[in-house]
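# Fold and geometry: a report
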Amino acid sequence: MECCSSTESKRDWNPLQDRSCTDIPWLIFFILFCVGMACICGFTIVTGATTRLVYGYDSYGNVCGHNNTKIQGVELSGRNMLDNKYVFFLDPCNIDFINRKMKSISLCVAKCPEAELKTHNDLKQFALNNGSALCSYDISPSRYPSHSERLTKCPKLPVSRSKSVSLSHRCVPVNISCYAELALSFFNLVSDNNVVQRVVAGVLASKDIIVGLCVLSLVLSLLMMVVIRYISKVMVWIITILTVIGTIAGTGVLWWLYADHRKALKNNTASVFGREVASDNVKALLVYAIFATVFTVVLLLVMAIMRKRVALTISLFHVAGKVFIHIPLLVLQPFWTFLCLMLFWVYWLAVLLLLGMSGSAVKNNSTNLVEYQISGPAQYLVWYHAVGLIWISEFIFAFQQMSIAGAVVTYYFTRDKSRLPATPILSAMLRTLRYHLGTLAKGSFIITLVKIPRIILMYIHSKLKGKENACARCLIKCCVCCLWCLEKCLAYLNQNAYTATAINSTNFCTSARDAFTILVENALRVAAINTVGDFVLFLAKVLIVACSAFAGVLALNYQREYTVWVLPLLIICLFAYMVAHCFLSVFENVVDVLFLCFAVDSKYNNGSPGREYFMDKSLMEFVEESRKSARHKAEDGSGREMKPMAQ
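Computed from a predicted structure; not experimentally measured.

### What to know about the nonpolar core
- Ranked by size, the top nonpolar core spans 75 residues in total, and within it Val323, Leu330, Leu440, Val590 and Leu594 carry the most contacts.
- No other element matches the 17 residues that helix H18 (residues 566–604) contributes to this core.
- Sequence-distant contacts of Leu594, defined by excluding residues within four places in its chain, comprise Val319, Ala320, Val323, Val408 and Tyr412.
- Counting residues in hydrophobic clusters, the runner-up holds 29 residues, among them Ile71, Met81, Leu123 and Cys135.

Written out as structure tokens, the structure is:
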């Protein structure tokens, strides 16, 4: 499994030929790791965690709806709960947010209360009529009103009306006041400042606007993909011009609104709450306006420097547009990846929940209640499970990259486009499943090895906040930044390694070495085009975010009396960027794959008979124009233009 131990001699590239399985040992290792993940799930089932999660259990270790065995040292354990199928909490609002625990005593009951119970006599009557005792097992229903421990062993009054949830077998309070108390407790945990309450109130007041603008960002992203597909030649100029106009206009509107709101604040005669909201809006608008001004100035400077290279990007985007015309299902690739990630994350969270309920019953001496804890080597299963989250998630992302690379490589190295497979992206996915899962396992494992120490260092850095040792915090932060840069570099190299594997069906290390060599040999030509392409896609993301933010500013301006803009506008911008990045990252991957294909094509073919180029005519014309331009601009020492060498 050594990474760079390949002794393979120099060879010619044979695109889409001689397919074979790659990195088989790593595939076996990955399969064994996944079997270990499945064994963790099996361990939770064997230890009864699944039963406890589904049916619930009381504070004495009795699983509701089951006949339980006695737990040593716990007096009220080992009871027959076949008729008591629901978990009832004496104080459902008593939650410890810091330790993430329910502090209330829980009991197994036969029926959840369907009406509000205000007194202990009501509790007694409910137990006698329905056979469902809501107080501790050691108190008979007839003694509810007079028992000396009724305040601690009976539910907190009044008991709100509940409904039984058949799936989780819990009594869920219907009264909204309970959830209001939970929200108040959470806000008290986060902050005692009124600003938090006003910001949250602003989000709730403008929730319809937030949802509408998030949908708008999704529509804009889809329209941008349509523009890229059909009018790629003019898209670069359209995006450049609209971005300049949008950023300047957005900055101007923000400064105008800041001046307008500041003037309105001086003349404001509203209530104290209204003046606080207006003051928060003025501060938020000032921050947004300053940030927008700095961003606009930097953006215009960068665009002025790169304006001469816009023409290079047009040819590149034209070829990428043709790829999307021939392979339209590329647009749907993020949806499949997102669906797979969601399914895996739901499974991972479910197993994590089961791990929290696994182990043996342990009596807490301070509360005399039962908790389930994992002891011995089994307690390290959580760490194994956490590594699985990172590795398998990276594997799913790598599968998307390899599938896109395989489809684009098939398009590029197929001379007769009419002979393309009916669905190149599905063919690429099947080819990846058949031959290259080991390569994906190895590449994603390398990223995992970098992510794990970075996450650990970030956790340590968060724990050191507020401590005296500032030097240690600074050192850890530098290490985190270095690991982040290394992760990004490895991710880019991995993507090109997947492309090289899709082209020539070689192992991961051989592909990474070949891709790195080719990129270094073509650094000036490929890196320049790659930079401009990524910059244009970044401008497209900025345009989508700017349009969504601009619409958000205009919409929120009508609610200036009771809406704080800070969080709603930030939510809109973040969601717009995430949606734009999700769609345009596919186009960015296509561009990167085209670069490597172009570099391989240029290195191993020269246009002569038998070694014809695979590249598109427009890209070939671009190469010829670039060569002519370079020759005409070259000058000798006397300042005269050097003439092209005779052929």
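### Here's the deal with the confidence of the model for the protein chain
- Summing up the model confidence of the protein chain, the mean pLDDT is 77 and the portion of residues at 70 or higher is 75%.
- Element-level mean pLDDT values for the protein chain span from 47 in helix H5 (residues 176–190) up to 92 in helix H1 (residues 24–46).
- When the criterion is pLDDT under 50, residues 180–197 qualifies, and its contacts beyond four places in sequence or with other chains add up to twelve contacts.
- Below a pLDDT of 50 lies the segment residues 635–647, which in the model reaches nine contacts outside its immediate sequence neighbourhood of four places, other chains included.

### Quick notes on a nonpolar patch on the surface
- Residues Leu329, Leu332, Phe335, Trp336, Leu339, Leu343 and Leu426 make up a contiguous nonpolar surface patch of roughly 660 Å² in combined accessible area.
- Examining the composition of the nonpolar patch, we find that four residues originate from one element, helix H11 (residues 333–356), more than from any other.
- Tracing the backbone shows Phe335 in helix H11.

### What to know about the side chain of Ser393
- Structurally, the position occupied by Ser393 is in helix H12 (residues 381–412).
- Residue classification places Ser393 among the buried positions, given a relative accessible area of 8%.
- Leaving out residues up to four positions away in the same chain, Ser393 has contacts with Leu341, Phe344, Trp345 and Gly388.

### Regarding the packing of H12 against helix H13 (residues 424–435)
- At a minimum axis distance of 8 Å, the contact between H12 and H13 shows a crossing angle of 125 degrees. The angle between H12 and H13 places the two elements in the oblique class. Note that H12 runs across H13; the crossing there is right-handed. Touching Phe399, Met402, Ser403, Ile404, Gly406, Ala407 and Thr410 of H12 are Pro424, Ile425, Ala428, Met429, Arg431, Thr432 and Leu433, all from H13.
- In the contact of H12 with H13, the residues fall into nine nonpolar, four polar and one charged.

### Here's the deal with the pattern of salt bridges
- According to the stated counting rule, one finds eight salt bridges in the structure shown.
- With a closest N to O distance of 2.9 Å, Arg454 and Glu487 form a salt bridge. Here Arg454, found in helix H14 (residues 437–463), pairs with Glu487, found in helix H15 (residues 470–504); they are 33 residues apart in sequence, far enough to count as distant.
- We classify Arg454 as buried; its relative accessible area is 13%.
- The class for Glu487 is buried, based on a relative accessible area of 7%.

### Observations regarding unusual backbone geometry
- Look at the link from Leu157 to Pro158: it is a cis peptide, with omega at -5 degrees.
- Relative to the elements of secondary structure, Pro158 occurs in the loop between helix H4 (150–153) and strand E5 (162–165).
- Of note, the phi angle at Ser505 is positive, near 55 degrees, even though the residue is not glycine.
- Its location among the elements puts Ser505 in the loop between H15 and helix H16 (508–521).
- Take Ser505: its relative accessible area is 7%, and that puts it in the buried class.

### Some thoughts on H13
- A rise of 1.5 Å per residue sets the reference length of H13, with its twelve residues, at 16 Å; its end C-alpha atoms lie 16 Å apart and thus fit the reference within 8%.
- Pro424, Ile425, Ala428, Met429, Arg431, Thr432 and Tyr435 are the residues of H13 that are buried. Within H13, the buried residues cover an arc of 165 degrees as seen down the axis, which keeps them to one side. Exposed residues on H13 whose side chains face more than 90 degrees from its buried face are Leu430 and Arg434.

### Some points on the state of the cysteines
- For the structure shown, the criterion picks out three disulfides.
- Covalently, Cys112 is tied to Cys171 through a disulfide, its sulfur atoms 1.9 Å apart. Between Cys112 and Cys171, the S-S torsion sits near -80 degrees, and that sign places the bridge as left-handed. Of this pair, Cys112 sits in the loop between strand E4 (106–109) and helix H3 (120–130) while Cys171 is found in strand E6 (residues 170–173), placing the two residues 59 residues apart along the sequence. Taken individually, Cys112 and Cys171 each receive the classification buried, so the pair is uniform in this respect.
- Each sulfur in the disulfide pair Cys135 and Cys154 lies 2.1 Å from the other. On the sign convention where negative is left-handed, the bridge of Cys135 and Cys154, at about 115 degrees about the S-S bond, is right-handed.

Procedures and definitions
Residues numbered from 1 in each chain as written. Predicted model: local features only at pLDDT ≥ 70, side-chain atom pairs only at ≥ 80, totals over all residues. Heavy atoms only, no water. Core = buried A, V, L, I, M, F, W, Y, C linked by side-chain atoms within 4.5 Å. Buried < 20%, exposed > 50% of the residue type's maximum accessible area, 1.4 Å probe, protein only. Helix = DSSP H or I, 4+ residues; strand = E, 2+ residues; numbered from the N terminus. Contact = heavy atoms within 4.5 Å. pLDDT = per-residue confidence, 0-100. Patch = residues over 30% accessible without salt bridge, like charges linked within 9 Å, V, L, I, M, F, W, Y side chains within 5 Å. Areas by Shrake-Rupley, 256 points an atom, 1.4 Å probe, with all protein chains shown as cover. Salt bridge = Lys/Arg side-chain N within 4 Å of Asp/Glu carboxyl O. Axes fitted to C-alpha atoms, helices over the stretch in contact; angles between N-to-C directions. Parallel < 35°, antiparallel > 145°, perpendicular 65-115°, else oblique. Left-handed = near helix turned anticlockwise from the far one by under 90°. Nonpolar A, V, L, I, M, F, W, Y, C, P; charged D, E, K, R; others polar. Expected span 1.5 Å × (residues − 1). Arc of directions from axis to C-beta. Disulfide = S-S within 2.5 Å.

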